[in-house]
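Listed below are the residues making up each chain.
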Amino acid sequence: MNKALMTVSALGLALAGMTGTALAAPDWSKVAVRKVAVFHPGASGLEWVMKGTEHGGAKGTKKGERCTGCHENEKTMNIDIAADRILAGEKLEPKPVKGRVPIIMVNVQAANDGSNLYLRFNWKEPAGKAAVMDKDNPVKLAVMFEDNKVVYKDDKGKEVEIGLAAGCWGTCHTDARTMPGADDKKTKYVTGASLASGNYYDLIQWKSGKGGKAADGYVADKRVMEGGKALVSAEGKKDGDTWTVTFTRKLAGGGEGDIAMVSGKSYNMGFAIHNDHSAGRFHHVSLGYSLGIDAKADITAAK
Amino acid sequence: MVASNWWAKLRSPSVKYSLLTLSGVGFISGILFWGGFNTGMEATNQLEFCISCHEMKDNVYQEYTKTIHYSNRTGVRAVCSDCHVPKDWTHKMIRKIQASGEVWGKITGSIDTREKFEAKRLQLARSEWARMKASDSRECRNCHSFDGMDEEKQINRAAKQHANARRDNMTCIDCHKGIAHNKPEGMTEDEAGG
């Protein structure tokens, strides 16, 4: 099916109607595009990122510097990470992957209408085919947000604003499932997580399989794929060789694990694409980016 | 008695040779001595000399040959002494005298097996890191300098890290450990520059 249209109108559509929220989807042709590289990260969990004997950038991260500062080329938006060597198993990957690309460039757009945040991801499906890990879903896309409150303690006990510095890496630990030697039941988590203090990530996900499915959850002391009430819709489609996934999310949130977003503020986000039937850590992930609601940021959602 | 005669003879003026002859012979002998000394000194600075011991050849040399200081686009090679022996005479002499202790290590076989070498690698590395730190990475700076770096031509993370290092008054070896040899097991986060 060349033009597979897979739409999810998760419950949210009905909720939107009930609350009178207008689904004024933006004219995407007029919204600025921010290129973001997603890459195969291997087994580079947060513990590796923070370990200076392994990762030369750890000293910067411990000072709160952002991954993008060193790893993203501000002109090309490509990343300076040897994802090809990771994929080939030369470093950080005990299970080399054949038939997959190391980096995918994604066009990211964002907008808001005062009630909803709209996020659009658009990328060309890369060539190649690796072993199927998730037979039900050729593609999945997950986005995590946090409200500048996620912290992680370094080896000296100093708190680092890891959500700001490293995006999703705040949830990615070397003892979580699919990591080498890890417990297969242990999901992503935030160290010292607390929904009350804001030390957690909000999570939304779109899956391509079985007509499309969406989830609105969060990552605190474990990953929970339900409880959120912010996601209005998640839609995905493939035109030719290009995937487009669009999320509509209530700015105000409202459910468990939903962060409330307001105009004029920026938040931290990261996203991951499970491309080519991949699963677990074998995804392509972005570094951490700021998302501004009518505010200047890496990705700005303007009205 | 004999010694004092010999000393007196040395101190008494020559009755046989002219001042010119004595000065000439002294000058030429000095050149020969100095030339020989320096040649010997230079010989011990050659890569071939360093790897004439299997302790170096089988361990650190093998690691070094896989790094950019051994093989690179421009063909400029930094050999052992470029990093491990100072260039200026005073510091070179001090280092050479210190290195004579390594001869004792060779005689006693302190690192004559792979196992012994690995067991001592961290101690050896720490000793060299401390020497480099104390000299503000003098040997690195024989070739590299912050002023000579064109940040526009560096990849982002290099430019960023060097800007941070400059700001924090760091020295090359603070970060650049394990660039020519494997990092030792057991090095601490502080030693990693964190």
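Predicted, not measured: the structure shown is a model, and the values here were computed from it. (Residues numbered from 1 in each chain as written. Chains lettered and ligands numbered in written order. Predicted model: local features only at pLDDT ≥ 70, side-chain atom pairs only at ≥ 80, totals over all residues.)

For chain B, the helix and strand inventory stands at 10 helices and zero strands. In sequence order, chain B lays out its α and β elements as α-α-α-α-α-α-α-α-α-α. A compact globule built from 194 residues would reach a C-alpha radius of gyration of about 16 Å, whereas chain B, at 23 Å, exceeds it by more than 25%. Along the first, second and third principal axes, the C-alpha atoms of chain B reach 75 × 45 × 30 Å. (Helix = DSSP H or I, 4+ residues; strand = E, 2+ residues; numbered from the N terminus. Rg over C-alpha atoms; globule rule 2.2 N^0.38 Å.)

Before going further, it helps to examine the pairing of strand E4 (residues 116–124) of chain A. Residue and element names in this part refer to chain A. Within E4, seven of the nine residues are buried, leaving the element largely enclosed by the surrounding structure. Note: strand E3 (residues 103–112) against E4, six bridges, orientation antiparallel. Paired with alanine 111 across the two strands is tyrosine 118, which belongs to E4. Between E3 and the antiparallel strand that follows it, E4, lie three residues; glycine 114 among them carries a positive phi value of about 90 degrees. Direction of pairing for E4 relative to strand E12 (residues 242–250): antiparallel, over a ladder of nine bridges. Bridge pairing in E12 places arginine 120 opposite threonine 246. (Buried ≥ 20, exposed ≤ 12 C-beta atoms within 10 Å, placed from the backbone. Pairing = 2+ DSSP bridges.)

One can expect most non-glycine residues to show negative phi and most peptide bonds to be in trans. Residues and elements named next belong to chain A. Although it is not a glycine, asparagine 148 adopts a positive phi angle of roughly 55 degrees. Mapped onto the secondary structure, asparagine 148 falls in the loop between strand E5 (140–146) and strand E6 (152–153). Phi is positive for histidine 277, close to 60 degrees, though the residue is something other than glycine. Take histidine 277: it is sitting in the loop between strand E13 (266–274) and strand E14 (284–285). Assessed through the 20 C-beta atoms surrounding it within 10 Å, histidine 277 is described here as buried.

On to the interface of chain B and chain A. Opposite the 13 residues of chain B that make contact, chain A presents 15 residues. At five residues, helix H9 (residues 156–167) of chain B tops the list of elements feeding residues into the side of chain B that touches chain A. Residues of the side of chain B that touches chain A, tallied by class, amount to four nonpolar, five polar and four charged. (Contact = placed C-beta atoms within 7 Å. Nonpolar A, V, L, I, M, F, W, Y, C, P; charged D, E, K, R; others polar.)

All names here are of chain B. Along the polypeptide, lysine 57 turns up in helix H4 (residues 54–64). The class for lysine 57 is exposed, based on 12 C-beta atoms found within 10 Å. When the C-alpha atoms of lysine 57 and leucine 47 are compared, they prove to be 9.9 Å apart, with 10 residues separating the residues in sequence.

Moving on, we get to the pairing of strand E9 (residues 213–219) of chain A. All names here are of chain A. The buried count for E9 comes to six of seven residues, which makes it a mostly enclosed element. Note that strand E8 (residues 201–207) and E9 share seven bridges and pair antiparallel. Bridging across to E9, tryptophan 206 finds its partner in alanine 214. Between the end of E8 and the start of E9, which pair antiparallel, lie five residues, with lysine 210 showing a positive phi angle near 50 degrees.

Quick look at the confidence of the model for chain A now. Atom-level detail of predicted coordinates should not be read off regions where pLDDT is low. Per-residue pLDDT for chain A averages 91, and the proportion of residues at 70 or more is 92%. Within the model, the stretch residues 1–22 of chain A combines pLDDT values under 50 with 36 contacts to residues more than four positions away or in other chains. (pLDDT = per-residue confidence, 0-100.)

Okay, H4(B) next. Residues and elements named next belong to chain B. Those residues of H4 not exposed but buried are Glu55, Met56, Val60 and Tyr64. Projected onto a plane normal to the axis of H4, the buried residues spread over an arc of 80 degrees and lie on a single side. Within H4, the exposed residues directed more than 90 degrees away from the buried face are His54 and Lys57. Where H4 is buried, its residues touch helix H3 (47–50) and helix H7 (114–134). (Arc of directions from axis to C-beta.)

Okay, the confidence of the model for chain B next. Residues and elements named next belong to chain B. Taken as a whole, chain B shows an average pLDDT of 92; of its residues, 98% reach a score of 70 or greater. Per-element confidence in chain B ranges from a low mean pLDDT of 80 for helix H1 (residues 2–11) to a high of 97 for helix H8 (residues 138–141). Scoring of the predicted complex yields 0.83 for pTM and 0.71 for ipTM.

By size, the foremost hydrophobic cluster in this structure holds 79 residues, and its most contacted members are Val38(A), Val143(A), Met144(A), Tyr201(A) and Val219(A). Residue contacts for Val38(A): discarding those within four places in its chain leaves Ile104(A), Val106(A), Ala272(A), Ile273(A), His284(A), Val285(A) and Ser286(A). The next biggest cluster of nonpolar side chains, apart from the first, holds six residues, and it includes Cys50(B), Val60(B), Tyr64(B) and Cys80(B). (Core = buried A, V, L, I, M, F, W, Y, C linked by C-beta atoms within 7 Å.)

Right, let's get into the environment of Pro102(A). All names here are of chain A. Along the chain, proline 102 turns up in the loop between helix H5 (83–87) and E3. Each C-alpha atom, one on proline 102 and one on histidine 284, is 7.9 Å from the other, the two residues being 182 residues apart in sequence. Not counting residues up to four positions away in its chain, the partners in contact with proline 102 are Phe39, His40, Ala83, Asp84 and Leu87.

A separate point is the environment of Thr21(B). All names here are of chain B. With respect to the helices, strands and loops of the structure, threonine 21 is situated in helix H2 (residues 19–43). A count of 11 C-beta atoms within 10 Å places threonine 21 in the exposed class. Spatially, the C-alpha atoms of threonine 21 and histidine 69 are 50 Å apart, while their sequence positions differ by 48 residues.

Between its terminal C-alpha atoms H9(B) stretches 17 Å, which fits the 16 Å expected from 12 residues at 1.5 Å a residue. Two residues or fewer past H9(B), Asn169(B) is found with a positive phi of approximately 55 degrees. (Expected span 1.5 Å × (residues − 1).)

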